[in-house]
Amino acid sequence: MDLGDELYKEIILDNYKARKNRRRLDDADLKREGFNPSCGDDIELFLKLDGDTVSEASYVGVGCSICVASANMLCNAITGASIEQATDVLRRMRAMLVDGEEPDFPDEAADLEALQGVKQFPVRIKCAMLAWNTLEQMLHDAGLTG
Ligand code: ZN
């Protein structure tokens, strides 16, 4: 499957292999499981909050390379961000993959552009969006989204 140019493939692979964010946060303030039956992706997302700032984000689980790479990018993108900034990145991610808009991310979330090729493969959009949909549900359940 062609996901675009070599640079993008490398970013996805690096994020897939990264281990820094792949851990359970036992003292997480928020956690939520997400499942994508069309692929078998099954992850759990953990957030630690300091006021309205995400002080730590991590995930565990099993998934395809797109799902895991996207979950890792999510953790990188929202660690240190406010809930509002995290929600904004989530909106931009959905705009790129679901609405087909050009990617437009802040610098700290620039890796996410590498996933834009996924929009050519509708079944894989669910893989790339799983961590983000899980984040949205988690924030919604905690009453942290408008
Ligand atoms: Zn998948």
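Residues numbered from 1 in each chain as written. Predicted model: local features only at pLDDT ≥ 70, side-chain atom pairs only at ≥ 80, totals over all residues. Heavy atoms only, no water.

Participant: Help me understand the coordination of the zinc ion, please; the structure alone is not making it clear to me.
Facilitator: Put simply, a metal with four donors set out as a tetrahedron has ideal angles of 109.5 degrees, and one with six donors set out as an octahedron has ideal angles of 90 or 180 degrees. At this site the zinc ion is bound by C39 (SG), D41 (OD), D41 (OD), C64 (SG) and C127 (SG), with donor distances of 2.2 to 2.6 Å. In the primary sequence, the donor residues of the zinc ion line up as C-x1-D-x22-C-x62-C. Note on C39: relative accessible area 36%, which makes it partly exposed. (Donors = N, O, S within 2.8 Å, 3.2 Å for Na, K, Ca; no water. Buried < 20%, exposed > 50% of the residue type's maximum accessible area, 1.4 Å probe, protein only.)

Participant: Honestly, the nonpolar core in this entry has me stumped. Any pointers?
Facilitator: Nonpolar side chains in soluble globular proteins generally cluster together in the buried interior. Ranked by internal contacts, the top residues of the largest apolar core, which has 44 residues, are L47, I78, M93, L112, L115, W132 and L135. Excluding its chain neighbours within four sequence positions, the residues that come into contact with L135 are L45, L47, L74 and I78. (Core = buried A, V, L, I, M, F, W, Y, C linked by side-chain atoms within 4.5 Å. Contact = heavy atoms within 4.5 Å.)

Participant: It is not clear to me how the packing of helix α2 (residues 65–78) against helix α4 (residues 122–141) should be interpreted in this structure. Could you clarify?
Facilitator: Put simply, α2 and α4 touch, their axes get as near as 8 Å, and they point 35° apart. In terms of crossing hand, the pair formed by α2 and α4 is right-handed. Contact residues: α2 offers I66, C67, S70, A71, L74, A77 and I78, while α4 offers R124, C127, A128, L130, A131, W132 and L135. Looking at the contact of α2 with α4, its residues break down into 12 nonpolar, 1 polar and 1 charged. (Axes fitted to C-alpha atoms, helices over the stretch in contact; angles between N-to-C directions. Helix = DSSP H or I, 4+ residues; strand = E, 2+ residues; numbered from the N terminus. Left-handed = near helix turned anticlockwise from the far one by under 90°. Nonpolar A, V, L, I, M, F, W, Y, C, P; charged D, E, K, R; others polar.)

Participant: Before we go on, may I ask you to explain helix α3 (residues 83–97) in this structure?
Facilitator: One full turn of an α-helix is made of 3.6 residues, so residues set three or four places apart face in the same direction. Helix length check: α3 (15 residues) gives 21 Å between terminal C-alpha atoms against 21 Å at 1.5 Å per residue, within 8%. Along α3, the residues classified as buried are I83, A86, T87, V89, L90, M93, A95, M96 and L97. On its buried face, α3 sits against β2 (41–50), β3 (53–62), α2 and α4. (Expected span 1.5 Å × (residues − 1).)

Participant: For this particular structure, what's the right way to read the packing of helix α1 (residues 6–17) against α2?
Facilitator: Packed helices, taken two at a time, are described by the angle between their axes plus the distance between the axes. Two numbers describe how α1 lies on α2: the axes approach to 8 Å, and their chain directions differ by 80°. The orientation of α1 with respect to α2, classified from their angle, is roughly perpendicular. Contact residues: I11, I12, N15 and Y16 in α1; S65, I66, V68, A69, N72, M73 and N76 in α2. By residue class, the composition of the contact of α1 with α2 is 7 nonpolar, 4 polar and no charged. (Parallel < 35°, antiparallel > 145°, perpendicular 65-115°, else oblique.)

Participant: How should the side chain of T87 be read in this particular structure?
Facilitator: Relative to the helices and strands, T87 is located in helix α3. Relative accessible area serves as the criterion here: at 16%, T87 is assigned to the buried category. Separated by 2.7 Å, the side chain of T87 and the backbone oxygen of I83 make a polar contact. Residues contacting T87, with those up to four places away along its chain left out, are L139 and T145. (Polar contact = N/O pair within 3.5 Å; in protein donor to acceptor, adjacent residues only side chain to side chain.)

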